[in-house]
Amino acid sequence: MRIITNLDQGANVSLTQYELFTVEIAYNPTTGVHLSGPSFQKEQNAIVISEAYYPDNPSLIGSPGKKVYLMMATAPLVSSLYWFFSRSSYVADFNFELAVLPHN
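Computed from a predicted model, the values in this text were never measured in an experiment.

Colleague: Give a description of the overall build of the protein that names residues and reports values.
Modeller: Along the protein, the regular secondary structure elements total zero helices and nine strands. In terms of C-alpha radius of gyration, the protein reaches 14 Å, essentially the compact-globule figure of 13 Å for 104 residues. Structurally, the protein occupies a C-alpha span of about 45 × 30 × 20 Å along its principal axes. Intrachain contacts of the protein at a sequence separation of at least 6 include 65% that bridge at least 24 residues.

Colleague: Describe the confidence of the model for the protein, naming the residues involved and giving the relevant values.
Modeller: For the protein, the mean per-residue pLDDT works out to 86, and 91% of the residues sit at or above 70. Within the protein, the lowest mean pLDDT, 68, falls on strand β4 (residues 34–35), and the highest, 96, falls on strand β2 (residues 12–16).

Colleague: Describe the sheet that holds strand β1 (residues 2–4), with residues and values.
Modeller: If you walk across this open sheet you meet the four strands as β1-β3-β7-β6, and the pairing is mixed. The strands lining the two open edges of the sheet, one partner per strand, are β1 and β6 (46–55). Within this sheet the neighbouring strands show an average axis-to-axis angle of 20°, counted without direction. Pairing geometry for β1 and strand β3 (residues 20–27), over three bridges, is parallel. Along β3, the bridge assignment pairs Ile4 with Val23.

Colleague: Account for the packing of aromatic side chains, with residues named and values stated.
Modeller: Scanning all chains against the criterion turns up five aromatic pairs. Judged by centre distance (5.9 Å) and plane angle (55°), the rings of Phe94 and Phe96 are tilted. Pairwise contacts between aromatic rings join Tyr69, Trp83, Phe94 and Phe96 into one cluster. Above the face of the Tyr27 ring, Lys67 is positioned so that its terminal group lies 5.6 Å from the ring centre.

Colleague: Hey, could you go over the side chain of Thr22 for me, with residue numbers and the actual values?
Modeller: Mapped onto the elements of the fold, Thr22 is located in strand β3. Thr22 has contacts with Met1, Arg2, Ile3, Ile4, Val68, Tyr69 and Leu70, leaving out every residue within four places of it along the chain.

Cut-off values and rules
Residues numbered from 1 in each chain as written. Predicted model: local features only at pLDDT ≥ 70, side-chain atom pairs only at ≥ 80, totals over all residues. Heavy atoms only, no water. Helix = DSSP H or I, 4+ residues; strand = E, 2+ residues; numbered from the N terminus. Rg over C-alpha atoms; globule rule 2.2 N^0.38 Å. Contact = heavy atoms within 4.5 Å. pLDDT = per-residue confidence, 0-100. Pairing = 2+ DSSP bridges. Axes fitted to C-alpha atoms, helices over the stretch in contact; angles between N-to-C directions. Phe/Tyr/Trp six-rings, centres within 6.5 Å; stacked < 30°, edge-to-face > 60°. Lys NZ or Arg CZ within 6 Å of the ring centre and 35° of its normal.

The structure is reproduced here in structure tokens:
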């Protein structure tokens, strides 16, 4: 299973149709920044199966950690996936290009 992290910012990722993959993004819930789920630039070529937040320090409420999405590549096409972080004075994003190849 492919694990996509912040190090893959702007990368071209190729997966086979129906292949599972995870997207792991650094996340700090105490900043007041909202993290959206994946947005697709063109047609949707993957689905979110599950998402979860894992704090670095589980005993500390609001600890920085990781937001993890379990996903599956679904349609054989190329699209850009974006995650947006936003609040009134700050907007940033994490994105990568996902090419889904047909399953043989």
